[in-house]
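Here's the letter readout for the chains.
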Amino acid sequence: METLLNTLSPIFKQYDFHSHSHSSKICYKSANASPYDEFIVEMFPKTNEIVTIVPVRNIPLGSVQYKKTFIDMNTAIDYLKMHLGYYQASNSN
């Protein structure tokens, strides 16, 4: 969990997202975001699963959340980076 937190936090911080964690869950949210505009990462050590929940823009309906499960940490990190990039691009339009 610490490796994941140390890797993701600087990436989200550069886009002014703040994090808070609850045992095995990390939540990243922008100060001016809607309730669904939150990136959530949860690790399950017994199964080595990493569950991600990312906001997906669905204009004009706003954002919805999309959940995906990974086994490989690097793949999960790349997936979160990709969706953070999509999120930032959709908010800059």
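Above this text is the structure in question.
The structure presented is a predicted model; accordingly, all values stated were derived computationally and were not measured.

### With respect to the overall build of the protein chain
No. 1: Counting secondary structure elements, the protein chain contains 2 helices and 5 strands.
No. 2: Taking 2.2 N^0.38 as the reference for a compact globule, 93 residues should give roughly 12 Å; the C-alpha atoms of the protein chain span a radius of gyration of 13 Å, in line with that estimate.
No. 3: C-alpha atoms of the protein chain, sized along the principal axes, occupy 40 × 20 × 20 Å.
No. 4: Per-residue burial for the protein chain yields a buried fraction of 33% across its 93 residues.
No. 5: In the protein chain, of all internal contacts separated by at least 6 residues, the share reaching a separation of at least 24 is 32%.
No. 6: With an accessible surface of roughly 5,800 Å², the protein chain has 52% of that area assigned to carbon and sulfur atoms.
No. 7: Positive and negative charge centroids in the protein chain, built from 8 and 8 side chains respectively, lie 4 Å apart.

### Re the pairing of strand β1 (residues 17–22)
No. 1: Direction of pairing for β1 relative to strand β2 (residues 25–30): antiparallel, over a ladder of 6 bridges. In the strand pairing of β2, His18 is matched with Lys29.
No. 2: Taking the residues that link successive antiparallel strands as the turn, the β1-β2 hairpin has 2 residues, and the phi of Ser23 there is positive, at about 45 degrees.

### Some remarks on unusual backbone geometry
No. 1: Phi is positive for Asp16, which is not a glycine, with a value near 65 degrees.
No. 2: One non-glycine residue with positive phi stands out, namely Ser23, at about 45 degrees.
No. 3: Here Ser23 falls in the exposed class, since its relative accessible area comes to 77%.

### Focus: the packing of aromatic side chains
To describe a pair of aromatic rings, you give the distance between the ring centres and the angle between the ring planes.
No. 1: Counted according to the given criterion, the structure contains 7 aromatic pairs.
No. 2: Consider the rings of Phe17 and Phe39, whose centres lie 5.7 Å apart with planes at 80 degrees: the pair is edge-to-face. On the criterion of sequence distance, the pair formed by Phe17 in strand β1 and Phe39 in strand β3 (residues 38–44) is long-range, its members being 22 residues apart. Across this residue pair, the class does not change: Phe17 and Phe39 are buried.
No. 3: Measuring from ring centre to ring centre gives 5.8 Å for Phe17 and Tyr87, while their planes differ by 70 degrees; the resulting arrangement is edge-to-face. With Phe17 in strand β1 and Tyr87 in helix α2 (residues 73–92), this pair connects stretches of sequence that are 70 residues apart.
No. 4: For Tyr87, a relative accessible area of 5% corresponds to the buried category.

Parameters and conventions
- Residues numbered from 1 in each chain as written.
- Predicted model: local features only at pLDDT ≥ 70, side-chain atom pairs only at ≥ 80, totals over all residues.
- Heavy atoms only, no water.
- Helix = DSSP H or I, 4+ residues; strand = E, 2+ residues; numbered from the N terminus.
- Rg over C-alpha atoms; globule rule 2.2 N^0.38 Å.
- Buried < 20%, exposed > 50% of the residue type's maximum accessible area, 1.4 Å probe, protein only.
- Contact = heavy atoms within 4.5 Å.
- Areas by Shrake-Rupley, 256 points an atom, 1.4 Å probe, with all protein chains shown as cover.
- Lys, Arg positive; Asp, Glu negative; His and termini not counted.
- Charge placed at Lys NZ, Arg CZ, Asp CG, Glu CD.
- Pairing = 2+ DSSP bridges.
- Phe/Tyr/Trp six-rings, centres within 6.5 Å; stacked < 30°, edge-to-face > 60°.

Keep in mind these numbers describe shape, not what the thing actually does.
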